[in-house]
Amino acid sequence: MIRQLLRLWPHAAEVRRLTAGYAVVGVLQGALLLALVPLLRALLADPARTGEAFAWLAVILGLGGLYLAAQARVRVAAYRTANRVMRDLQHSAGDHLRLLPLGWFVGNASGRLARAVAQSAPTAAGTVSHIWPELVASIATPAAVIVGVCLLDWRMGIAFLVAVPLAMLVLRRSGPVVRRTQADMDAASAEAAGRTIEFAQAQPVLRSTGRALAGFAPLERALEGQRRAFRRSLTLHTVPQFAYTAIVQLGFTAVLLAGVWLAVGGQLAAADAVALLVLAARFVEPLAVVANLFGAIRAAEVAIDRMGDILEAEPLPEPAHPREPAPGSGAAIEFDAVDFAYRDVPVLTGLTLSVPAGASCALVGPSGSGKTTILRLIARFWDVDGGAVRLGGVDVRELSTATLMERVAIVFQDTYLFDDSIEENLRIAAPEATPAQLRTAAAAARLDQVVDRLPDGWSTRVGEGGTSLSGGERQRVAIARALLKDAPVVLLDEATAALDAENEAAVAAGMRLLSAQGKTVLVIAHRLSTVTGMDQIAFVEDGRVVEQGGHERLLRARGRYADFWNRRTGAPAALPAEAGKTR
Ligand SMILES: Nc1ncnc2c1ncn2[C@@H]1O[C@H](COP(=O)(O)OP(=O)(O)OP(=O)(O)O)[C@@H](O)[C@H]1O
């Protein structure tokens, strides 16, 4: 566990110092127990050796004081270290997240992150402050007792030692099993938590489809999986736990038998035998908890691994010698024979696309053809597997992340809004913007109409993630942000959610304005009204651009785009009214 922790929190000297402190506390406790032997020996002698007994009592009191002082000191140090561990791990996670490619955040990253930051860091800290000290003391105390007993009577020392190798063997053997079952439990709990959240979020869908009372199979499966993992962990832990307890009791029995046998045979004074048996009873206590502590350590290892998944995730490679996009054509976008796969599943194959600076281009094509992936590769969510994506003639891998992000504004479907006012949500894009600039951008994106309808106007809080706005209204915020950011390249994924006429017109107007401002606009167009106004259309199919050109020209060519257009214009245009408004 400590080795894993040190990989993420490289302060070996501090951990060593702390461990040495815990060991000293454990040894002092062992010495305290050992001092009982001469005390009892003096008390049980016939007649009792009162003076000697008082002297040993004084020694015990002295050792007790020392033990308490050492314990207090080490505890304070441990709490400080634990605080630092928690703070450093959380800060490192925060710092590291900023370096990870945006693609890392696609999928269930938020769940992983929340668990790592909210649970793993405190677990690692708690292990340092509580479990590790107890474990070290639970080993150091019996070790000190055994050494002392060996010095008092080597035969009894051997009896004390009998159980130790067996106990160690059981702990060693059970370690990987406990760790594996803990990891299974952890994975099953994560799945159950994710499905529970999904169940809550899916309530509107489940109710509107009349399935709310019919149960939710993914959640039921996840909960059953969690129960199965729990049962399995109980079963697999029971045998080694029982074996360990039996071995510890066996050790105690060995000491008992050896003491009685030696005392009956006259080889050990009765007083010594009684004293050593009392010691054996106390000796067993810390040993008995070691197995549980090992279990807790294994659980902590799983939590630390979870944190490791974040801290050891590969950051986005930064160029050693960053370049700047060429002046003039700085906002041109070019895909040069790009290959890209998600976990070995090819999505783009030899994709070539060229959009001159200041031009607008609509990506059109069947669902799953790779349009979103194309936009994401420009923003370096991931790096390409083959070929190159260029911005202003420079491979995006040769631009620093700061330069790239400065030049690109992203308006994705799932625009995230902070639970703050609309004004603050716009300021994210341009913290220095004057109120007049904010209002101009908002008006251009027709966001002012939304603001006018909100109860507190500009100061209305938009709810967590912007849930009090509709999808179309959130996109208007994103377009206003893009206008404010004034980046030369705008990547826009039109909301697929049905937009009402007003939102559709607002988004289209925003796009036209961005284009009129001379920006290179790349749009995933889900609406034909968007497509016709674009300088170019790139028809994407099976991860390639199969046709590129103006709308009229492509229609005349009667190729794949013309087919797509004819099918779409022939299809019923009516879409369901916009769902998801909570306002
Ligand atoms: N993060 C991901 N991990 C694995 N596969 C992915 C991921 N994102 C997309 N894919 C897969 O890559 C393929 C292309 O997806 P992409 O989202 O780029 O297509 P699209 O043309 O934008 O589709 P749509 O129009 O439906 O949004 C699909 O088969 C999709 O399932």
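The structure presented is a predicted model; accordingly, all values stated were derived computationally and were not measured. (Residues numbered from 1 in each chain as written. Predicted model: local features only at pLDDT ≥ 70, side-chain atom pairs only at ≥ 80, totals over all residues. Heavy atoms only, no water.)

1. What about the overall build of the protein?
In step 1: Scanning the protein for helices and strands turns up 20 helices and ten strands.
In step 2: Whereas a compact globule of 583 residues would reach a radius of gyration of roughly 25 Å, the protein reaches 35 Å, over 25% beyond that.
In step 3: Looking at the protein residue by residue over its 583 residues, the buried ones come to 48%.
In step 4: Looking at the protein alone, contacts between residues at least 24 apart form 77% of all its contacts between residues at least 6 apart.
In step 5: Counting every atom, the protein has about 28600 Å² of accessible surface; 60% of that belongs to carbon and sulfur.
In step 6: Once the 59 positive and 55 negative side-chain charges of the protein are each reduced to a mean point, those two points are 4 Å apart. (Helix = DSSP H or I, 4+ residues; strand = E, 2+ residues; numbered from the N terminus. Rg over C-alpha atoms; globule rule 2.2 N^0.38 Å. Buried < 20%, exposed > 50% of the residue type's maximum accessible area, 1.4 Å probe, protein only. Contact = heavy atoms within 4.5 Å. Areas by Shrake-Rupley, 256 points an atom, 1.4 Å probe, with all protein chains shown as cover. Lys, Arg positive; Asp, Glu negative; His and termini not counted. Charge placed at Lys NZ, Arg CZ, Asp CG, Glu CD.)

2. Notes on the domain arrangement of the protein
In step 1: Domain parsing of the protein yields domain 1 (2-311) and domain 2 (333-570).
In step 2: Each of domain 1 and domain 2 has a C-alpha centre, and the two are 53 Å apart.
In step 3: When the two sides are added together, the surface that domain 1 and domain 2 hide from each other amounts to roughly 380 Å², 75% of it contributed by carbon and sulfur.
In step 4: Contact with domain 2 buries area across many residues of domain 1, yet Leu-102, Gly-103 and Val-106 alone supply 88% of it, more than any other trio.
In step 5: At the boundary of domain 1 and domain 2, one finds zero salt bridges.
In step 6: Seen at the junction of domain 1 and domain 2, the total is one residue pair in polar contact (both at pLDDT 80 or more).
In step 7: Broken down by class, the residue content of the side of domain 1 that touches domain 2 amounts to three nonpolar, one polar and no charged. (Domains from an automatic or database assignment. Buried area = accessible area lost by both parts, 1.4 Å probe. Salt bridge = Lys/Arg side-chain N within 4 Å of Asp/Glu carboxyl O. Polar contact = N/O pair within 3.5 Å; in protein donor to acceptor, adjacent residues only side chain to side chain. Nonpolar A, V, L, I, M, F, W, Y, C, P; charged D, E, K, R; others polar.)

3. Some details on the packing of aromatic side chains
The description of two aromatic rings rests on the distance between their centres and on the angle between their planes.
In step 1: Taken as a whole and assessed by the stated rule, the structure comprises ten aromatic pairs.
In step 2: Between the aromatic rings of Phe-539 and Tyr-561, the centroid separation amounts to 6.4 Å while the plane-to-plane angle is 70 degrees, which identifies the pairing as edge-to-face. Of this pair, Phe-539 sits in strand E9 (residues 536-541) while Tyr-561 sits in helix H20 (residues 560-570), placing them 22 residues apart in sequence.
In step 3: Clustering of aromatic rings is evident, with ring pairs tying together Phe-340, Tyr-342, Phe-381, Trp-382 and Phe-412.
In step 4: One cation-aromatic arrangement involves Arg-439 over Trp-458; the distance from NZ or CZ to the ring centre is 4.5 Å. (Phe/Tyr/Trp six-rings, centres within 6.5 Å; stacked < 30°, edge-to-face > 60°. Lys NZ or Arg CZ within 6 Å of the ring centre and 35° of its normal.)

4. Let's talk about the nonpolar core
In step 1: Among the nonpolar cores identified, the biggest contains 74 residues, and Leu-89, Val-149, Met-156, Phe-160, Tyr-244, Leu-279 and Met-307 are the most heavily contacted of them.
In step 2: Residues in contact with Leu-89, not counting those within four places in the same chain, are Leu-8, Arg-84, Ala-121, Ala-124, Met-307 and Leu-311.
In step 3: Counting residues in hydrophobic clusters, the runner-up holds 45 residues, among them Ala-433, Val-450, Val-477 and Met-511. (Core = buried A, V, L, I, M, F, W, Y, C linked by side-chain atoms within 4.5 Å.)

5. Focus: the sheet that holds strand E1 (residues 333-342)
In step 1: Strand order in this open sheet of four strands is E2-E1-E4-E5, and the pairing throughout is antiparallel. For this open sheet the edge positions go to strand E2 (345-355) and strand E5 (394-395), each flanked by a neighbour on one side alone.
In step 2: Pairing analysis gives two bridges linking strand E4 (residues 386-391) to E5, with the strands arranged antiparallel. Within the sheet, the bridge partner assigned to Leu-391 lies in E5 and is Val-394.
In step 3: Along the sheet, helix H11 (residues 371-378) contacts E1, E2 and E4; its crossing angle with E1, the most-contacted strand, is approximately 115 degrees. (Pairing = 2+ DSSP bridges. Axes fitted to C-alpha atoms, helices over the stretch in contact; angles between N-to-C directions.)

6. Let's talk about the environment of Val-450
In step 1: Of note, Val-450 is situated in helix H15 (residues 447-453).
In step 2: Once you skip the residues sitting within four places of it in the chain, Val-450 turns out to touch Leu-469, Glu-473 and Arg-476.

7. Examining the environment of Phe-335
In step 1: Along the polypeptide, Phe-335 turns up in strand E1.
In step 2: For Phe-335, a relative accessible area of 1% gives the class buried.
In step 3: For Phe-335 and Asp-395, which are 60 residues apart along the polypeptide, the C-alpha to C-alpha distance reads 9.5 Å.
In step 4: Setting aside anything within four residues of it in sequence, one finds Phe-335 in contact with Leu-351, Thr-352, Leu-353, Ile-374, Leu-377, Ile-378, Ala-388 and Val-389.

8. Digging into the packing of helix H4 (residues 50-97) against helix H10 (residues 270-311)
In step 1: Orientation of H4 relative to H10, taken along the N-to-C sense of each, is 30 degrees, at an axis distance of 9 Å. The angle between H4 and H10 places the two elements in the roughly parallel class. Where H4 approaches H10, its residues Leu-89, Gln-90, Ser-92, Ala-93, His-96 and Leu-97 are matched on the opposing element by Met-307, Ile-310 and Leu-311.
In step 2: Here the contact of H4 with H10 is composed, by residue class, of six nonpolar, three polar and no charged. (Parallel < 35°, antiparallel > 145°, perpendicular 65-115°, else oblique.)

9. Structural notes on the pairing of E4
In step 1: Summarising the sheet, E1 and E4 pair through five bridges and their orientation is antiparallel. Counted as the bridge partner of Glu-334 is Arg-390 from E4.

10. Examining the site of the ligand
In step 1: Close contacts around the ligand come from Val-106, Tyr-342, Val-347, Pro-366, Ser-367, Gly-368, Ser-369, Gly-370, Lys-371, Thr-372 and Thr-373, and that covers them all.
In step 2: Between an oxygen atom of the ligand and a side-chain N or O atom of Lys-371, the distance comes to 2.9 Å.
In step 3: For the ligand, an oxygen atom lies 2.5 Å from a polar atom in the side chain of Thr-372.
In step 4: Surface burial for the ligand is 64%, taken as the share of its 640 Å² of free accessible area covered by protein chains.
In step 5: By residue number, the principal contributor to the shell around the ligand is H11, which donates three residues.
In step 6: In terms of residue class, the shell around the ligand is built from four nonpolar, six polar and one charged. (Near = heavy atom within 4 Å.)

11. A few points about H10
In step 1: Under the 1.5 Å per step criterion, the end-to-end length of H10 is 60 Å for 42 residues, consistent within 8% with the ideal 62 Å.
In step 2: A bend of about 30 degrees at Ala-291 is the largest found in H10. (Expected span 1.5 Å × (residues − 1). Bend = angle between axes of the 7 residues up to and from the residue.)

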